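# Structural features, examined
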Amino acid sequence: MEFTTQHLIALLPLLVTCATAVVVMLGIAWRRNHTLTYVLSVLGLNLALLSIIPALGAAPLAVTEMVQVDRYACFYTALILIATLACVTLAHAYLGEHDDGKGYPGNREELYLLTLLAAAGGILLVSAQNLAGLFIGLELLSVPVYGMVAYAFFNKRSLEAGIKYMVLSAAGSAFLLFGMALLYADAGTLNFTGIGTQLAANGLPSAMAQLGLGMMLVGLAFKLSLVPFHLWTPDVYEGAPAPVAAFLATASKVAVFAVLLRLFQISPVANEGLLNLVLSAIAIASILIGNLLALIQSNLKRLLGYSSIAHFGYLLIAVIASKGLAVEAIGVYLATYTLTSLGAFGVITLMSTPYSGRDADALYEYRGLFWRRPYLTAVLTVMMLSLAGIPLTAGFIGKFYVIAAGVESGQWWLLAALIVGSAIGVYYYLRVMVAMFLVEPNLHRHDAPMRWAQRAGGIMLLCVAVLAFVLGVYPQPLLDLVQHAGLAFAG
Amino acid sequence: MILPWLILIPFIGGLLCWYGERFGTTLPRWIALLSMLLLFGLGLWLWATGDFTLAPAPGVAPQWASEFQVPWIERFGITIHLALDGLSMLMVVLTGLLGVLSVLCSWNEIQHRIGFFHLNLMWILGGVVGVFLAVDLFLFFFFWEMMLVPMYFLIALWGHSGSEGKTRINAATKFFIYTQASGLVMLVAILGLVLVNYSQTGVLTFNYADLLKVELAPRTEYLLMLGFFIAFAVKFPVVPLHSWLPDAHAQAPTAGSVDLAGILLKTAAYGMLRFSLPLFPNASAEFAPIVMWLGVFAIVYGALLSFAQTDIKRLVAYSSVSHMGFVLIAIYSGSQIALQGAVVQMVAHGLSAAALFILCGQLYERLHTRDMRQMGGIWARMPYLPAVSLFFAAAALGLPGTGNFVGEFLILIGSFQYVPWIAVLATSGLVLGSVYSLIMIHRAYFGPAKDDSPLAGLRPRELGMVLGLAVLLVLLGIYPQPVLDTSAASMHGVQQWFGTAFTQFASAR
């Protein structure tokens, strides 16, 4: 095939992100400067974000066998880039300044490099239309994250989390690869569309294909931390530095989910029969177990980890529904979930800023926060309400969409699980929320710096909170955007 | 254009209260009082000028006394659609009145975080007004869920922690979970209805008027009706789903109890009258016997448990369960007279329960206990309050001359024609009502005094509130005609929807 300018334009977001990674790497080699590295990364990411506009002009376009740049890919690319930008900004606040002698003791600059690489992997992943592209993207996304999770390696928990994530993620990848091999053996092609037609041609998929798809599902479920492949989640969320946990919860999961959805949409046979049953079971288990285990957490990061398990269970309802509103519902839900998670982890990051050995993630540290940091509390309150799906917040719109998709396809059992799960979820979200408003106890003060709102992180966080509120009241712009980002079917 | 302002005034007022706290602790109270007076005044003005012969009725496009519509979420055909008829008018006026009272009764009680308290109070009332005005199902659900959050804060942050290790946060959480979970069931039912409409007409809309026309298969209709019913039954509360109510009441601050008993419970009755019956008349008719028996059970069960309480606020809370049982029977009896009685009963119960909770609050401010075993002999220790309490206890037991009597009488006489046995059994609620009302007076105000020291008398503000309510209750008891006239058209519409289905179903049986 021939490479034209059009192809390059379509690939521009990916190319710009990769180029930024190279520039940042050279920059670090030339001079170690925290702020310079940060500025370079932010510039690059913004450029990449802007380059989506010309890429949209070129879409839909298949660039090589592996990558399909369409509106769907562009939407998720934007989501990943925005999440990465937010995480980088949070990381800058978290790693802090040198001058007062406090702050992060190790090298700060490489975190940005790893984040950029992971973002590039995410972008590749959401545009993958081929099993090979999927695997390359997934590994490019996961491998830098090992390093990021263990970035505070002199902290035992961070190191432990990094190793745990690496081992389990590698196991997941192995499942994925084996599944792909089986699928290839059966269908004779790596292309999503080809697999879809091949499987559909035989009527029912053969046992081998089903096994292959099942193993792929296991691999992806590892990355999405769906029950029963969720065991790493709370530990890794707890151990990872807060900005990294934010990246893990948003950009990384969004990318994997987007590719899962594309696979299931393009080869719908993958979502029928036994596999559908398995998916339903996974969804219900994720919702119930995620919410139930979150009940007993006294650590905010672990709590968010379990809550994210439940949220991806809700999302699976739309995947299983798979028709009508489903793709749109997932787009909206992922966008609102990304926003909300960024806000919640952002508050934790700013509370732990500058780095001081461990993150401020125990619930008791948030008691009475309202009387010390009203704005920070307001942000976290909005985020908790949004996660619980209460009206006036973006989370409600997402939940509304998922319920609509479920009702449309008559998934009554899954909806029942969602209702039960939400009722359980409300309990722990409210617990976090009300703790912040309780009277201040005589605890040692582990606070965000006074000037937090002036820092980039603080401003970004306020924007996130305002956006979560505005989208809850007037979601139409987001809905328009997502509606146009639907998957175009190749055949 | 006046309808959105009814909702916006409390919301804006609440934000101003929060902001006003910087300039002193009394400013938020005045802002809150003024915005509530404004809401109440606007309500009265609308009541005086509106034409309430216009109300939705079967067969024709719904007519409203006043209407407002702007597009909101075009993707789903959701609009901000507000409309007013006689029923919603009465409820809005009641909300305004109780809003004023709940600001007044917190004047001394709340001394911490005053701005934030009034923000929450105002937002609850704004949400409630929104529920009463919304005729777009999405908007209705939006307000329905939205008012939970400020109510949660009100109970959790300013409530009283009761005895026996029952904390206010648990009570608030219980309230929230009950209503949120049941609300989601309603959301599923709403979406089901909308999608059935979509499959029939190809139009995605949440508009009440359009959804009234949907043709439903009997089984679907029954399931959807159940979805709505569960949400309303929790808020109502219908007995097996009531257990959040006594806890929430017992731990809530006075203003919270006043709003909870006075208007939040009414949103459920309003929802049944506005949505459940007109949207699903046939299924409701089929379901009606079960509901009416639940109502009878609620009347007796609430009264018995009320009698057994030692906490004075829990006693009043259980009496609410009992009184709302009458409303439930009336709504599902299919009789125009009973429906009118339900409206009067809702207003009268709103006034009398609010007054009783205000009195409990005043007692608590003086005695610092709600336990009736610690009371006794108060009649001799302070002027006015015991006498006024006696009046409201008498009103609660349905003494002729008070609005409660009119309501209960109309309900019983109306439903007797259709369901004589249920009406007869429900009458026992009146007897039991006297028992628990009088035992409350007896335990709290008579008997041996624990302490002989005189208690501080009522301030003019406190006395004014309860006397004003007493006057209104007597007015409603002697001359209920204005209320009946206002709601007549709305209730006639509901009766037509439901009555037709009810007779068909009764003859088929």
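Residues numbered from 1 in each chain as written. Chains lettered and ligands numbered in written order. Predicted model: local features only at pLDDT ≥ 70, side-chain atom pairs only at ≥ 80, totals over all residues.

## Comments concerning the overall build of chain A
A count of helical and extended segments in chain A gives 20 helices and two strands. Expected size for 491 residues packed as a compact globule is a radius of gyration near 23 Å; at 21 Å, chain A falls within 12% of this value. With the C-alpha coordinates of chain A rotated into their principal frame, the extents come out at 70 × 55 × 40 Å. Of the contacts formed within chain A by residues at least 6 apart in sequence, a portion of 80% connects residues at least 24 apart. (Helix = DSSP H or I, 4+ residues; strand = E, 2+ residues; numbered from the N terminus. Rg over C-alpha atoms; globule rule 2.2 N^0.38 Å. Contact = placed C-beta atoms within 7 Å.)

## Some remarks on the overall build of chain B
Assigned secondary structure in chain B consists of 20 helices and two strands. Rg of the C-alpha trace for chain B: 22 Å, near the compact-globule value of 23 Å for 509 residues, within the 12% margin. Projecting the C-alpha coordinates of chain B onto the three principal axes gives extents of approximately 70 × 55 × 45 Å. The buried share among the 509 residues of chain B stands at 63%. Pairs at least 24 apart in sequence give 81% of the contacts found in chain B among residues at least 6 apart. (Buried ≥ 20, exposed ≤ 12 C-beta atoms within 10 Å, placed from the backbone.)

## Focus on helix α16 (residues 374-388) of chain A
The first and last C-alpha atoms of α16 of chain A sit 21 Å apart over 15 residues, in line with the 21 Å expected at 1.5 Å per residue. Most of α16 of chain A is tucked away: 11 of the 15 residues are buried. Those residues of α16 of chain A that are buried are in contact with α14 (300-321), α15 (326-351), α17 (394-408), α18 (412-437) and α19 (456-473) of chain A together with α6 (148-158) of chain B. Two residues or fewer past α16 of chain A, G389 of chain A is found with a positive phi of approximately 75°. (Expected span 1.5 Å × (residues − 1).)

## Examining the packing of helix α13 (residues 274-295) of chain A against α18 of chain A
Residues and elements named next belong to chain A. Contact geometry for α13 and α18: axes closest at 8 Å, N-to-C directions at 15°. Considered as vectors, α13 and α18 are oriented roughly parallel to each other. Relative to α18, α13 is oriented so that their crossing is left-handed. Note on element contacts: α18 touches α13 through L414, A417, L418, V420, G421, I424, G425, Y427 and Y428, opposite S280, A283, I284, I287, L288, N291, L292, A294 and L295. Of the residues that constitute the contact of α13 with α18, the class distribution is 14 nonpolar, four polar and no charged. (Axes fitted to C-alpha atoms, helices over the stretch in contact; angles between N-to-C directions. Parallel < 35°, antiparallel > 145°, perpendicular 65-115°, else oblique. Left-handed = near helix turned anticlockwise from the far one by under 90°. Nonpolar A, V, L, I, M, F, W, Y, C, P; charged D, E, K, R; others polar.)

## Some points on the environment of A444 of chain B
Residues and elements named next belong to chain B. With respect to the secondary-structure elements, A444 resides in helix α18 (residues 420-445). Judged by C-beta crowding, with 27 C-beta atoms within 10 Å, A444 ranks as buried. Distance from A444 to G376, taken between C-alpha atoms, is 4.6 Å for residues 68 residues apart in sequence. In contact with A444, not counting residues within four places along its chain, are I312, M372, M375 and I378.

## Description of the interface of chain A and chain B
Many descriptions give the size of an interface as the accessible area lost when the pieces come together. Listed by partner, the interface residues are 21 residues for chain A and 23 residues for chain B. Mapped by element, the contributors of at least two residues to the side of chain A that touches chain B are α17, α18 and α20 (476-484) of chain A. The dominant element in the side of chain A that touches chain B, judged by the number of residues it contributes, is α18 of chain A, at nine residues. For the side of chain A that touches chain B, the per-class residue count stands at 17 nonpolar, three polar and one charged.

## Concerning unusual backbone geometry
In most cases, non-glycine residues show a negative phi, while peptide bonds are predominantly trans. For the bond from V227 of chain A to P228 of chain A, the omega torsion is 5°, close enough to zero to count as cis. The step from F236 of chain B to P237 of chain B runs through a cis peptide bond, and the omega angle for that step is -10°. Mapped onto the elements of the fold, P237 of chain B is located in the loop between α9 (218-235) and α10 (244-251). A positive phi is found at L392 of chain A, a non-glycine position, where the angle reads about 80°. Structurally, L392 of chain A is set in the loop between α16 and α17. In this model, R113 of chain B sits at a positive phi of 45°, which is unusual for a non-glycine residue. C-beta crowding within 10 Å serves as the criterion here: with 20 such atoms nearby, R113 of chain B is assigned to the buried category.

## Digging into the environment of L418 of chain A
Residue and element names in this part refer to chain A. Within the element layout of this structure, L418 appears in helix α18. Separated by 101 residues in sequence, L418 and I317 have C-alpha atoms that sit 8.8 Å apart. Discounting residues that sit within four places of it in the chain, L418 has contacts with I287, Y314, I317 and I403.

## Focus on α10 of chain B
All names here are of chain B. Of all eight residues in α10, eight are buried, a share of seventy percent or more. Within α10, burial applies to W244, L245, P246, D247, A248, H249, A250 and Q251. Close packing links the buried residues of α10 with α6, α7 (168-201), α11 (254-279) and α13 (312-333).

## Here's the deal with the pairing of strand β1 (residues 66-73) of chain B
Regular strands have side chains that alternate between both faces of the sheet. All names here are of chain B. Across seven bridges, the pairing between β1 and strand β2 (residues 78-84) is antiparallel. Bridge pairing in β2 links F68 to L82. The turn joining β1 and β2, which pair antiparallel and follow one another in sequence, is formed by four residues; a positive phi near 65° is taken by G77. (Pairing = 2+ DSSP bridges.)

## What to know about the confidence of the model for chain B
Summary statistics for chain B give a mean pLDDT of 90 and a share of 99% for residues scoring 70 or more. For this predicted complex, the interface score ipTM comes out at 0.90, alongside a pTM of 0.93. (pLDDT = per-residue confidence, 0-100.)

## A few points about the environment of S158 of chain A
If you trace the backbone, S158 of chain A turns up in helix α8 (residues 156-187). When the C-alpha positions of S158 of chain A and P241 of chain A are compared, they lie 7.1 Å apart, and in sequence the two are 83 residues distant.

## Brief notes about the packing of helix α12 (residues 281-308) of chain B against helix α20 (residues 481-508) of chain B
The relative placement of two packed helices comes down to the angle between their axes together with the axis-to-axis distance. Residue and element names in this part refer to chain B. Across the interface, α12 lies against α20 with an axial gap of 8 Å and an inter-helix angle of 55°. Taken together, the axes of α12 and α20 are oblique relative to one another. By crossing handedness, the relation of α12 to α20 is classed as right-handed. Residue-level inspection shows P281, N282, S284, A285, E286 and A288 of α12 in contact with α20, the latter providing W497, F498, A501, F502 and F505. For the contact of α12 with α20, the class distribution of residues is eight nonpolar, two polar and one charged.

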